[in-house]
Amino acid sequence: PKNTMNYYSRTLLIYDEVLPYQLITKIKTLLTPFSKNIETYPFKYGPKSLNSLSKIWGKMVDFVPDVLVGVGGGTVSDLVGFAASTYQRGIPDILFPTTTLGIVDASLGGKTAIDFHHVKNSIGTMHYPLTVINILETMKTLPKEEFVSGFSEAVKGAVLFDKHYFKELENNVQNILTLDNSDKLCKIIAQAAKLKMLNAEAPSEHKIKLLYGHAIGHAIEVSSNKRFRHGDAVSIGITIEGAMACLVKYWDIKEWRRQTKLLLNLSLPIKFPDTLNVNNVFNRMSLYKKLVRDGTYGFIFPSGIGSVVKQHNGYITYIPIPQAKKLLEQAITLINSESLLIH
């Protein structure tokens, strides 16, 4: 949009190399009135590592851009944002998210990060993009598994903040799965993005709620030897953390079943992966230091669809680490016994 764009002499456009080049050509055409010199740089999907970031830095040092443009999913958003925030002490960036997860989560809130020493998002900055431009036609080019994976963040947001939106998701599963009724689908996606944006801008004691399911989900991601979609990991994470909330009597199991049924109906995973070891995953969770305090581990527990358990010190419920590990194992057992019944 013209009212948010300045003129830039040198633009570096970084894009996921699997995207059709026709799309990149369209975006270059869109940017041409705002930039004299646009250089493109295809990015090969991989881990959000220091090595990946270093390659982008190297291209930036060679080209000397005054604005960075990222086209791709959540990995591209995070890496481009981080690179922009650190190059020459910070330059602007523009994001074109092309995945559901990118649109409803990764491009919003100003968070940028890489994974380091087996901890997700352990090194990062806050750097808001100049603007975010969503091209929803890219949704139709995504594999179904990739498209629905991002809806775990929509379900998470609904459980935390908006019971009416949760009901809307329940009522529109078929629209989501078949990409039917594009106007309706756009509104559903836009509402998920709005929930993320509003709550990511809240004070830190409130936005900590957004970690629901993420400590477990992040640990699953970094424990897996193969690529594990972030959205799939979050789906498993909120299923497990929700089950834990039921086991300690904070959440009615009937509501947890509604969450679980919605995830299953969206073709999202809920079970702890058979290929992973629970002890290893819990040990990886313990590396997520922001949730570890004085021998306890912190969790975000729903108290109802649309609300979160509030303790005297905020929205994190701290549980002694040995008890937390046992509770995690009990939650996995509960999910395994309930999944067929729920579905």
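Higher on the page you've got the structure.
**Things to note about the sheet that holds strand 9 (residues 296-299)**
Each strand in a sheet pairs with its neighbour through backbone hydrogen bonds, running either in the same direction (parallel) or in the opposite one (antiparallel).
Here's step 1: The strand order 8-9-12 describes an open sheet built from 3 strands, whose pairing is antiparallel. Two strands close off the open sheet at either side, each with one partner strand: strand 8 (292-293) and strand 12 (317-320).
Here's step 2: Both strand 8 and strand 9 contribute to a ladder of 2 bridges, which runs antiparallel. If you follow Arg293 over to strand 9, its bridge partner there is Thr296.

**A few points about the pairing of strand 5 (residues 111-116)**
Both faces of the sheet carry side chains from a regular strand, because those side chains alternate between them.
Here's step 1: Bridge count for strand 5 against strand 6 (residues 119-126) is 5 bridges, and the pairing is antiparallel. Residue pairing for strand 6: Ala113 is matched across the bridge by Gly124.
Here's step 2: Hairpin connection between strand 5 and strand 6: a loop of 2 residues separates the two successive antiparallel strands, and His117 in this loop has a positive phi of roughly 55°.

**Observations concerning unusual backbone geometry**
Across residues other than glycine, the phi torsion is negative in most instances, and most of the peptide bonds are trans.
Here's step 1: Despite not being glycine, His117 has its phi angle at roughly 55°, a positive value.
Here's step 2: Tracing the backbone through its elements, the reader meets His117 in the loop between strand 5 and strand 6.
Here's step 3: Even without being glycine, Lys249 reaches a positive phi, approximately 70°.
Here's step 4: In this fold, Lys249 is placed in the loop between helix 12 (230-247) and helix 13 (253-265).
Here's step 5: Using a relative accessible area of 73% as the deciding quantity, one classes Lys249 as exposed.

Each value, and the rule that gives it
- Residues numbered from 1 in each chain as written.
- Predicted model: local features only at pLDDT ≥ 70, side-chain atom pairs only at ≥ 80, totals over all residues.
- Heavy atoms only, no water.
- Pairing = 2+ DSSP bridges.
- Helix = DSSP H or I, 4+ residues; strand = E, 2+ residues; numbered from the N terminus.
- Buried < 20%, exposed > 50% of the residue type's maximum accessible area, 1.4 Å probe, protein only.

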